[in-house]
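# Working through the structure, step by step
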Amino acid sequence: MAVNTETEIIYRNPIAKDGASVWELIRDTETLDLNSPYCYMLLGDYFNDTCMIAEHEGDIIGFISAFRSPRNLERLFVWQVAVARTHQRQGIAKNMLTYLLKQKACHGVRFIEATISPSNKASHRLFLSFAEERSIPSTVTAGYGADMFPDRSNHEDEPLFVIGPIINEI
Ligand SMILES: CC(=O)NCC[C@H](N)C(=O)O
């Protein structure tokens, strides 16, 4: 059942204690690679300046994990974007990405990168519309091919989307 949440969403950076709830969110969306609960705790502890939570009535219903490339700080790699099934198609992912890019930790970011598998239609829509609405160029290259994943994992290709250069502040 979709929930109309136009006014009640809270956007904030995660903390380590959010790890278990984020893990449950990713598990329940069934579209992303499910990392360990420990991984989501680490993200909330060490990378939380470039991660974002969306919360509705105390429940975590959205999550973005990202980090700036250690080799090139102008590049923000967006690792995962997830919104609960009950809250999708309401602009929550775009709001999380917009709020994230306005964070002090993202000042100076000129390229947004992400790998998006063909079946991840929601992230396809998010990244391409985000770029189009701001007239920012976007490119797609090979990324991580299915053949890079373990045999029998049935993992899809993970093409690399790059949005940029971002000239003006988002
Ligand atoms: C943007 C996004 O959510 N990419 C997912 C990459 C990968 N399949 C994962 O789930 O970590």
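Residues numbered from 1 in each chain as written. Predicted model: local features only at pLDDT ≥ 70, side-chain atom pairs only at ≥ 80, totals over all residues. Heavy atoms only, no water.

In plain terms, the rule: UniProt positions are given in the numbering used here, feature names are shortened, and annotations may be inferred rather than shown by experiment.
Identification of the protein chain as L-2,4-diaminobutyric acid acetyltransferase from Paenibacillus polygoni is taken from an unreviewed UniProt entry. UniProt's Pathway (unreviewed entry) comment on the protein chain is quoted here verbatim: "Amine and polyamine biosynthesis; ectoine biosynthesis; L-ectoine from L-aspartate 4-semialdehyde: step 2/3." In UniProt, the protein chain has this text filed under Sequence similarities (unreviewed entry): "Belongs to the acetyltransferase family. EctA subfamily."

### A closer look at the site of the ligand
As a reminder of what qualifies: Any residue with a heavy atom lying within 4 Å of a molecule or strand is counted as near it. We call two N or O atoms a polar contact when they sit within 3.5 Å, provided that within protein one can donate a hydrogen and the other can accept it, with sequence-adjacent residues counted only if both atoms are side-chain atoms. The Shrake-Rupley method, run with a 1.4 Å probe, gives the accessible areas here. Residue values count only the displayed protein chains as cover. In DSSP terms, a helix is any run of H or I states spanning at least four residues, a strand is any run of E spanning at least two, and both are numbered starting from the N terminus.
Surveying the vicinity of the ligand reveals the residues Leu32, Asp33, Trp79, Gln80, Val81, Thr115, Asn120, Ser123 and Glu158. Within the backbone of Val81, a nitrogen or oxygen atom sits 3.0 Å from an oxygen atom of the ligand. Burial of the ligand by the protein amounts to 95% of the accessible area it has alone, namely 330 Å². For the shell around the ligand, the element with the most residues is strand E4 (residues 72–83), which contributes 3 residues.

### Side note on a nonpolar patch on the surface
The cut-off we apply is this: Like charges are joined within 9 Å and nonpolar side chains (Val, Leu, Ile, Met, Phe, Trp, Tyr) within 5 Å, but only among residues with over 30% relative accessible area and no salt bridge; these make up the patches. Salt bridge, as used here: a side-chain nitrogen of Lys or Arg that lies within 4 Å of a carboxyl oxygen of Asp or Glu. Only protein chains enter the accessibility calculation, which uses a 1.4 Å probe; a residue is then buried when its area is under 20% of its type maximum, exposed when over 50%, and partly exposed in between.
A cluster of nonpolar residues, Tyr38, Met41, Leu42, Tyr46 and Phe47, forms a patch on the protein surface that exposes about 540 Å² of accessible area. Tyr38 sits in the exposed class, given a relative accessible area of 56%.

### Brief notes about the nonpolar core
Stated formally: By nonpolar core is meant a set of buried Ala, Val, Leu, Ile, Met, Phe, Trp, Tyr and Cys residues that side-chain atoms within 4.5 Å join together. Residues are treated as being in contact if the distance between any of their heavy atoms lies within 4.5 Å.
Residues Phe63, Ile64, Leu76, Val78, Ile112 and Phe127 are the most contacted members of the largest nonpolar core, which totals 42 residues. Looking at this core, the element that brings in the most residues is helix H3 (residues 92–102), giving 6 residues. If we skip the residues at most four places from it in the chain, Ile64 touches Cys51, Met52, Val78, Gln80, Val81, Ala93, Met96, Leu97 and Leu100.

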